[in-house]
Amino acid sequence: MWVEVKIKYTTVLIGLVYMPPRVKKETLEEFHNHLLKHNISEYDKNLLIVGDFNLYAFSNPQLIEEDSTSYTREEILRATCNFFNLESHNTIRNDYNRILDLVLFRNYNNPNVKRSLSIDVQGGEPIVKEVPDHPALEINFYLRKNNSNKESIPIPKQNINPNAESKSSRNDIHFFSDKNFNYTNVDFDSLSNHINNLNYSSVLQTNEPDTSLERFYSILYSGIEEHVPKRRPGTIQINKKKYPTWWSRQTIATVKQKEKLRRKKMCNDGTFKQLKKRCQKLIKTELKNYTKELQNKLKSNAKKEFWNFIN
């Protein structure tokens, strides 16, 4: 699966990969051919490929001798990375001291763009129950200003799908983050009724995903722009809360203790693992209680609190 994301001044194409074990040479060759088919080598933006490759020898060269068949598969994947200029960034090992999940990144450093993108991979908080083979990962993006005196030249969008029916520009697609809406002063009943009565039939009248998405947002914004007031320029409010509103002081204190050990690179310490499990349990319990409380409040027409939770 591919998705193109615009991050401030730059763009990154993100691909998700899963290779079922035991990984065959043919699977890796098919992966290489898939990248060739979609002209990934000529894609002039940042590229991020993440997923479960189930090929532990790729990140553990010293283990190649234990399994002669892994050498051939590892070399195929390494050749693919070299061909497409992909660098591996994940160094977080699982409970068996192996790395199965790869984070492959290619930075497109163009002096004509304002910012260049870099990434950092760390251990993260799992959204679902964590399994021993696959530790939770947190991928952070960093934008760095390019030191260039050249005038910024816009780079045209490139259609990486040769079978696409049309070349709809992703720059024309609306995104909520581009609008400075003030949701604190909204008549949610009128907005809800308007959105429910909108006609979305035109969204399904095309086989081009970008066109469908553009039509969907255009229709949706017709209601939002009519019922939601906008803030004046320069009055964008930024949520400075570091932790979710439903976290208790006990949870915040426990998370801080865990993060303190993580920053000291003590992830294999017994205390860290106990704190991590405790954090997961507290967060899960408090989110469940908060959601239940919010549902009860909705029955009393407390829609403002619901939208604050969503935003």
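First things first, this report covers the structure right here in the doc. A quick note: this is a predicted structure, and the numbers were derived from the prediction, not measured. (Residues numbered from 1 in each chain as written. Predicted model: local features only at pLDDT ≥ 70, side-chain atom pairs only at ≥ 80, totals over all residues. Heavy atoms only, no water.)

Section: the overall build of the protein chain
Just so we agree on the cut-off: Where helices and strands are cited, they refer to DSSP runs of H or I of at least four residues and of E of at least two residues respectively, numbered from the N terminus. Buried means the residue's accessible area, taken with a 1.4 Å probe over protein chains only, is under 20% of the maximum for its type, while exposed means over 50%, and partly exposed covers the values in between. We call two residues contacting when some pair of their heavy atoms lies within 4.5 Å. Values of accessible area rely on a 1.4 Å probe in the Shrake-Rupley scheme; residue burial ignores everything except the protein chains shown.
Of the regular secondary structure elements, the protein chain holds seven helices and seven strands. Each helix and strand of the protein chain, placed in order from N terminus to C terminus, yields the pattern β-β-α-β-α-β-β-β-β-α-α-α-α-α. Across the 311 residues of the protein chain, 35% fall into the buried class. Counting only contacts in the protein chain whose residues sit at least 6 apart along the sequence, the fraction spanning at least 24 positions is 67%. Roughly 20600 Å² of accessible area belongs to the protein chain as shown, and the carbon and sulfur atoms make up 50% of that amount.

Structural notes on the environment of E74
Along the chain, the position of E74 falls in helix α2 (residues 68-83). Considering only alpha carbons, one finds E74 and K25, 49 residues apart in sequence, at a separation of 9.2 Å.

Considerations on a positive patch on the surface
For the record, the criterion: Like charges within 9 Å and nonpolar side chains (Val, Leu, Ile, Met, Phe, Trp, Tyr) within 5 Å are joined into patches, using only residues over 30% in relative accessible area that form no salt bridge. Any Lys or Arg side-chain nitrogen located within 4 Å of an Asp or Glu carboxyl oxygen qualifies as a salt bridge. Under the counting rule used here, the positive set is Lys and Arg, the negative set is Asp and Glu, and His together with the chain ends is not counted. Every charge is mapped to an atom, namely NZ of Lys, CZ of Arg, CG of Asp or CD of Glu.
On the surface, K242, K256, K260, R263 and K264 cluster together into a positively charged patch. Mapped onto the secondary structure, K242 falls in the loop between α4 (209-227) and α5 (249-263). Residue class for K242 comes out exposed when judged on its relative accessible area of 71%.

Quick look at the pattern of salt bridges
Under the definition given, this model contains six salt bridges. Members of the salt-bridge network, linked through shared partners, are E125, K258, E259 and R262.

Thoughts on the pairing of strand β1 (residues 2-7)
The cut-off we apply is this: The rule for pairing is simple: two strands pair if DSSP sees at least two bridges between them.
In this sheet, strand β2 (residues 10-18) lies alongside β1 in antiparallel orientation, the contact comprising six bridges. Looking at the pairing, W2 lines up with G15 of β2. Counting the residues in the hairpin turn of β1 and β2 gives two residues, including K8, whose phi is positive at 55 degrees.

Observations regarding the sheet that holds strand β5 (residues 101-106)
Taken in spatial order, the five strands of this open sheet run β1-β2-β3-β5-β4, and their pairing is mixed. With one partner strand each, in any of the chains shown, β1 and β4 (87-88) form the two edges of the open sheet. In the sheet, strand β3 (residues 46-52) pairs with β5 via six bridges, with the strands oriented antiparallel. Note on β5: the bridge partner recorded for L47 is R106.

Quick look at the nonpolar core
What counts, and what does not: The criterion is simple. A nonpolar core is a set of buried Ala, Val, Leu, Ile, Met, Phe, Trp, Tyr and Cys residues joined through side-chain atoms within 4.5 Å.
The biggest cluster of nonpolar side chains holds 22 residues, and the ones touching the most others in it are F31, I49, F53, L77 and L104. Secondary-structure elements contributing two or more residues to this core are β2, α1 (25-37), β3, α2 and β5. Each residue touching L104, except ones within four places of it in the same chain, is listed here: L47, L48, I49, F53, F58, C81, L86, E87 and S88.

Looking at the packing of aromatic side chains
Basically, it comes down to this: Any two of the Phe, Tyr and Trp rings considered here, Trp counted by its six-membered ring, make a pair once their centres fall within 6.5 Å; the pair's planes then place it as stacked at under 30 degrees, edge-to-face at over 60, or tilted in between. Two conditions define a charge sitting above a ring: the NZ of Lys or the CZ of Arg must be within 6 Å of the ring centre, and it must be within 35 degrees of the ring normal.
Counted according to the given criterion, the structure contains four aromatic pairs. Joined through ring pairs, the aromatic side chains of Y200, F216 and Y217 make up one cluster. Residue placement shows R78 over the ring face of F58; its charged tip is 4.7 Å from the ring centre. The ring centre of Y56 lies 3.9 Å from the NZ or CZ of R98, which sits over that ring.

Focus: the side chain of D52
Our working rule: Think of a polar contact as two N or O atoms within 3.5 Å of one another; within protein, one of them needs to be a possible hydrogen donor and the other a possible acceptor, and neighboring residues in sequence only count if both atoms come from side chains.
Tracing the sequence through the fold places D52 in strand β3. Within the structure, D52 has its side chain in polar contact with the backbone nitrogen of N54 (distance 3.1 Å). With residues near it in sequence (within four places) discarded, D52 still touches V17, Y18, M19, L100, D101 and H134.

Thoughts on the packing of helix α3 (residues 188-196) against α4
Between two packed helices, what matters for the description is the angle formed by their axes and the separation of those axes. Heads up, the condition is: Inter-axis angles, ranging from 0 to 180 degrees, are taken between N-to-C directions of lines fitted to C-alpha atoms, where helices are fitted over the stretch in contact. Note on terminology: angles under 35 degrees are roughly parallel, angles over 145 are roughly antiparallel, angles of 65 to 115 are roughly perpendicular, and the others are oblique. The crossing is said to be left-handed when, going from far helix to near helix, the turn is anticlockwise and less than a right angle, and right-handed when the turn is clockwise. For this classification, the nonpolar set comprises Ala, Val, Leu, Ile, Met, Phe, Trp, Tyr, Cys and Pro, the charged set comprises Asp, Glu, Lys and Arg, and every other residue, Gly included, is treated as polar.
Viewed as axis vectors pointing N to C, α3 and α4 meet at an angle of 160 degrees, and their least axial separation amounts to 9 Å. Accordingly, the angle class assigned to the pair α3 and α4 is roughly antiparallel. As for the relative orientation of α3 and α4, their crossing is right-handed in sense. Across from S190, L191, H194 and I195 in α3, the residues of α4 making contact are L220, S222, G223, I224, E226 and H227. A breakdown of the residues in the contact of α3 with α4 according to their chemical character gives four nonpolar, five polar and one charged.

Considering the side chain of T10
Position of T10 relative to the elements: it lies in strand β2. At 2.7 Å, the side chain of T10 and the side chain of N46 are in polar contact. Here T10 is in contact with V5, N46, R115, L117 and L143, once residues within four sequence places are set aside.

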